[in-house]
Amino acid sequence: MLALNNFAQQVASDTAPKVMLLLALLVSIFGIGVVVASRRSRKTSYETSNNLSNESLSVREKLSKSRGLFASAISVALTRSSITQQTWDELEEALLRADVGVATATRVLAPLRELVKAKKITEPSQLILELQQQMTAQLSANSRQLNFDQSLGAPNIWLVVGVNGAGKTTTISKLSAQQHALGRSVLLAAGDTFRAAAGEQLETWAKRSGAEIVRGAEGGDPSSVIFDGVARAISRKIDLVLADTAGRLQNNTNLMEELAKVRRVADKSSAKVTEVLLVIDATTGQNGLNQAKQFSLATQVTGVVLTKLDGSAKGGIVFAIETELAIPVKLVGLGETIDDLVAFDAAEFVSALFN
């Protein structure tokens with residue numbers, strides 16, 4: 001019996017440290033698992049919160065920089081008991097600083113001055129309300145529908161033009177994804193042959209959105225890429241060709257002539273150019289108006305895509321483009337995601353500036 005007790009004690013003394021080591025190991029593994037799970041949970045929660053936050057941002061919030069100029073002038077005007085010359089000066093300055101342009105600012109304020117002179121408007125609050133209505137009226141007459149001819153029986157072609165850095169290639173990528181989501185087959189023609197990154201970017205987006213792509217040799221003839229892209233779209237019965245073009249400086253005559261050639265080549269088939277979208281960086285302000293003038297002469301621009309509007313205090317360029325050139329702003333970029341390229345709503349835009 002004594003020998004048996006000694007044996008049991010010996011076994012216990014040998015195995016106890018091993019058992020304790022095993023228990024410690026299990027506790028450590030469990031603890032690490034809890035920490036990892038907790039971190040993953042917090043990360044998922046953070047990402048979800050960020051996504052919800054981004055999705056919930058309104059047009060008003062995304063236009064905070066442009067809105068700041070108007071809001072400041074309006075708040076000052078509303079603190080006064082009457083409409084004075086200083087009121088007019090502040091409103092005019094706010095319009096000009098937002099790059100509305102002298103002609104548009106005059107056109108908007110002139111009828112308001114007459115109403116005040118005739119005593120039909122006597123309170124600052126009435127003036128601000130009428131100003132909002134006048135600005136909305138400057139934009140409301142333009143059709144903003146993207147042109148797609150369902151009855152054509154051949155591919156529609158949307159040419160996308162603009163200077164380098166305006167966001168042209170990114171805009172095409174977003175348009176491709178949006179049109180594919182509408183059930184249309186899309187082919188991307190990478191006509192910006194002078195910038196390899198543009199073709200690579202389009203190729204990446206083509207894979208993501210299920211679009212086809214036609215690329216040419218680096219430095220090759222952009223017109224031939226457009227021609228080949230249209231030919232493939234016709235043979236494969238693709239609905240829409242989105243044609244990228246090389247970034248053009250609007251004051252370079254030779255390059256603008258080449259862009260006009262791209263337009264002529266695109267029209268030489270059963271397919272039809274139904275949209276020519278000029279992409280303008282909103283932060284360039286009045287320079288965007290000069291771009292619109294020159295590009296329109298070369299390619300018959302049918303609509304403007306105003307990018308980076310969320311990061312610009314010069315949103316007033318919308319009014320200058322539409323009132324002076326009668327070219328509608330059809331799309332605006334309010335962020336980085338696909339869903340941030342949205343149809344331009346004039347009433348919503350003006351309302352966001354005032355409220």
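Residues numbered from 1 in each chain as written. Predicted model: local features only at pLDDT ≥ 70, side-chain atom pairs only at ≥ 80, totals over all residues. Heavy atoms only, no water.

Caption draft 1: Just the confidence of the model for the chain, in detail. Scored by pLDDT, the chain has a mean of 77; 76% of the residues are at 70 or more. Ranking the helices and strands of the chain by mean pLDDT puts strand 1 (residues 156-161) first, with 94, and helix 1 (residues 2-56) last, with 39. Segment residues 1-12: pLDDT under 50, and zero contacts once partners within four positions in sequence are set aside and those in other chains are kept. Every residue in residues 15-56 scores below 50 in pLDDT, and together they form two contacts with partners more than four places removed in sequence or on other chains. (pLDDT = per-residue confidence, 0-100. Helix = DSSP H or I, 4+ residues; strand = E, 2+ residues; numbered from the N terminus. Contact = heavy atoms within 4.5 Å.)

Caption draft 2: The pattern of salt bridges, seen in detail. Tallying each qualifying case throughout the model produces 10 salt bridges. K168 is the salt-bridge partner of D244, the closest N and O atoms lying 3.1 Å from each other. Taken together, the residues span a long stretch of sequence, with D244 in strand 4 (residues 240-245) and K168 in helix 7 (residues 168-181) at a distance of 76 residues. In this structure, D244 and K168 share a single accessibility class: buried. A cluster of three or more residues bridged by salt bridges with shared partners is formed by K168, D192 and D244. (Salt bridge = Lys/Arg side-chain N within 4 Å of Asp/Glu carboxyl O. Buried < 20%, exposed > 50% of the residue type's maximum accessible area, 1.4 Å probe, protein only.)

Caption draft 3: Representation of the packing of aromatic side chains in the model. In the structure shown here, the tally under the stated rule is two aromatic pairs. Both rings, one in F319 and one in F349, keep their centres 6.1 Å apart while their planes meet at 40 degrees; by these two values the pair is tilted. With F319 in helix 12 (residues 317-325) and F349 in helix 13 (residues 346-354), this residue pair connects regions lying 30 residues apart in the sequence. Each member of the pair, F319 together with F349, is buried. Linked through ring pairs, F319, F344 and F349 together constitute an aromatic cluster. Above the ring of F148, the side-chain terminus of R184 is found at 3.8 Å from the ring centroid. Looking at R208, its charged tip hangs above the ring of W205, at a distance of 5.2 Å from the centre. (Phe/Tyr/Trp six-rings, centres within 6.5 Å; stacked < 30°, edge-to-face > 60°. Lys NZ or Arg CZ within 6 Å of the ring centre and 35° of its normal.)

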